[in-house]
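Below are the chains, spelled out letter by letter.
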Amino acid sequence: SKQPYQQLSGCFIATAAFGSNLSGEVQALRRLRDRGVASSALALAAADLYRRSAPAAARGLGQSETARATVRMFLRPLAALAGAADRWIDRP
């Protein structure tokens, strides 16, 4: 059956910043993105733009630990909020 949205495969910038797509922060951000895409055409359009432009930015991040640290500094609070939203949404 047809899916109502397309789940994207990568969280390019967060993965580059945190070093692994298995980190808790990356997983929380990915779930936040996927929930937004599932419920909003605007989020789907933003995710599509991100999917097309983020791989190049992620490659650039890989060249600088300072850049990676800066991006982590900005993404950590968002990842923490995303994780809190997960816990709230998934409550029994």
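Please read these numbers as outputs of a predicted model, since none were measured by experiment.

Q: Could you clarify how one ought to interpret the overall build of the protein in this entry?
A: Helix and strand content of the protein: four helices and zero strands. Long-range contacts, defined as pairs at least 24 residues apart, comprise 68% of the intrachain contacts of the protein with a sequence gap of at least 6. Taken as a whole, the protein presents about 6100 Å² of accessible surface, with 61% of it coming from carbon and sulfur.

Q: I would appreciate a short explanation of the nonpolar core in the present structure.
A: For soluble globular proteins, the rule of thumb is that nonpolar side chains tend to be buried together. Cys11, Ala14, Ala17, Phe18, Val26, Leu29, Leu75 and Ala79 form the largest nonpolar core, which has eight residues in total. Secondary-structure elements contributing two or more residues to this core are α1 (12-18), α2 (24-39) and α4 (65-89). Sort the elements by how many residues they give to this core and α1 lands first, with three residues. With residues up to four places along the chain from it excluded, the contact list for alanine 79 reads Glu25, Ala28 and Leu29.

Q: How do you make sense of the packing of α2 against helix α3 (residues 41-61) when you look at a structure like this?
A: Relative orientation and spacing of two packed helices are given, respectively, by the angle between their axes and the distance between those axes. Where α2 contacts α3, the axes come no closer than 5 Å and their chain directions differ by 130°. Viewed along their axes, α2 and α3 adopt a mutual orientation that is oblique. Crossing of α2 over α3 shows left-handed handedness. When α2 is examined against α3, the residues Gly36, Val37 and Ser39 are found in contact with a partner set consisting of Ala41, Ala43, Leu44 and Ala47. Per-class residue counts for the contact of α2 with α3 are five nonpolar, two polar and no charged.

Q: What's the story with the packing of α2 against α4 in this structure? I'm lost.
A: Relative orientation of the contacting elements α2 and α4 amounts to 65°, with a least axis distance of 8 Å. Classified by the angle their axes make, α2 and α4 are roughly perpendicular. Note that α2 runs across α4; the crossing there is left-handed. In contact with Glu25, Ala28, Leu29, Arg31, Leu32 and Arg35 of α2, α4 contributes Leu75, Arg76, Leu78, Ala79, Ala82, Gly83, Asp86 and Ile89. Of the residues in the contact of α2 with α4, the class split is eight nonpolar, one polar and five charged.

Rules and cut-offs
- Residues numbered from 1 in each chain as written.
- Predicted model: local features only at pLDDT ≥ 70, side-chain atom pairs only at ≥ 80, totals over all residues.
- Heavy atoms only, no water.
- Helix = DSSP H or I, 4+ residues; strand = E, 2+ residues; numbered from the N terminus.
- Contact = heavy atoms within 4.5 Å.
- Areas by Shrake-Rupley, 256 points an atom, 1.4 Å probe, with all protein chains shown as cover.
- Core = buried A, V, L, I, M, F, W, Y, C linked by side-chain atoms within 4.5 Å.
- Buried < 20%, exposed > 50% of the residue type's maximum accessible area, 1.4 Å probe, protein only.
- Axes fitted to C-alpha atoms, helices over the stretch in contact; angles between N-to-C directions.
- Parallel < 35°, antiparallel > 145°, perpendicular 65-115°, else oblique.
- Left-handed = near helix turned anticlockwise from the far one by under 90°.
- Nonpolar A, V, L, I, M, F, W, Y, C, P; charged D, E, K, R; others polar.

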